[in-house]
Amino acid sequence: MVTRAETAAATRDALVRAASELLDEGGPEAVTLRAVGARAGVSRGAPYGHFEDKAHLLTRLAINAWNAVTDEVEQLRGEPAARLERALLTLIEVGRRYPHRYALMFSTPADDPEAAVAASRLENRFLAMVADLVGEPDARRYGALLMASAHGIAGLELSGHLAREKWGVDGDQLVRTLVDGVRSGLGNSAHRPACDTLER
């Protein structure tokens, strides 16, 4: 026999799936609690029993998106540079396939506690991968560079400003260049002038 808690969980899951579909089809504007309820085939009042408002529901979608990327990244295997490259492309691929979902991930307020936890889970996994390549002391510096670059690549692709015809390179090749540059630059870090080290 299905319990009330199981029924509630199933309804919530159906609402989240419906909201994800509406988001992918039409962006945040298409995600209303009424439209979500209709898509999920539940009563008009059901969404309001699970989500305070539209913002609450959109935050849940952003959290789910962060967690889905992290789950995929955690499955990556191989040598450090290859894993790091694949992790960056995993994030960029969300922007390619689900642009509204990707935009929501980075537009959800960073100070939302639950969203911050979900984002930090990916960031920490990513930093561990960077550390495997460059070592702990430089992990955050290179990690920030790589994450910002990946986000820039995704944004340029979404806006159409990273045309291969113009630049002679695509997003995948740029990610490879970035990771190769970080790896090859490590050997030179020990030879930086002392003043350069102090200024940093």
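The structure under discussion appears in the preceding block.
Now for a quick tour of the structure. Keep in mind that what you see is a predicted model, and the values were worked out from it rather than measured. (Residues numbered from 1 in each chain as written. Predicted model: local features only at pLDDT ≥ 70, side-chain atom pairs only at ≥ 80, totals over all residues. Heavy atoms only, no water.)

Looking at the packing of aromatic side chains
Tallying each qualifying case throughout the model produces two aromatic pairs. The interplanar angle of 65° and the centroid separation of 5.2 Å between the aromatic rings of Trp-66 and Phe-106 together place this pair among those described as edge-to-face. Of this pair, Trp-66 sits in helix α4 (residues 54-74) while Phe-106 sits in helix α6 (residues 99-107), and the two are 40 residues apart along the sequence. Note on Trp-66: relative accessible area 6%, which makes it buried. The class of Phe-106 is partly exposed, set by a relative accessible area of 33%. Following the ring pairs from residue to residue traces out a cluster consisting of Trp-66, Tyr-102 and Phe-106. Lying over the aromatic face of Tyr-142, Arg-141 brings its terminal NZ or CZ to 4.9 Å of the ring centre. (Phe/Tyr/Trp six-rings, centres within 6.5 Å; stacked < 30°, edge-to-face > 60°. Helix = DSSP H or I, 4+ residues; strand = E, 2+ residues; numbered from the N terminus. Buried < 20%, exposed > 50% of the residue type's maximum accessible area, 1.4 Å probe, protein only. Lys NZ or Arg CZ within 6 Å of the ring centre and 35° of its normal.)

Overview of the environment of Val-130
Secondary-structure assignment places Val-130 in helix α7 (residues 113-134). In the structure, Val-130 is positioned 47 residues away from Arg-83 in sequence and 9.4 Å away in space, judged by C-alpha atoms. Those residues in contact with Val-130, other than ones at most four positions away along the chain, are Leu-84, Gly-135, Ala-139, Tyr-142, Gly-143 and Leu-146. (Contact = heavy atoms within 4.5 Å.)

Looking at helix α8 (residues 136-159)
At 3.6 residues per turn, the α-helix brings residues three or four places apart onto the same side. The end-to-end C-alpha separation of α8 is 35 Å, in line with the 34 Å expected for 24 residues at 1.5 Å each. At Tyr-142, α8 shows its maximal bend, which comes to roughly 30°. Buried within α8 are the following residues: Asp-138, Ala-139, Tyr-142, Gly-143, Leu-146, Met-147, Ser-149, Ala-150, Ile-153 and Ala-154. (Expected span 1.5 Å × (residues − 1). Bend = angle between axes of the 7 residues up to and from the residue.)

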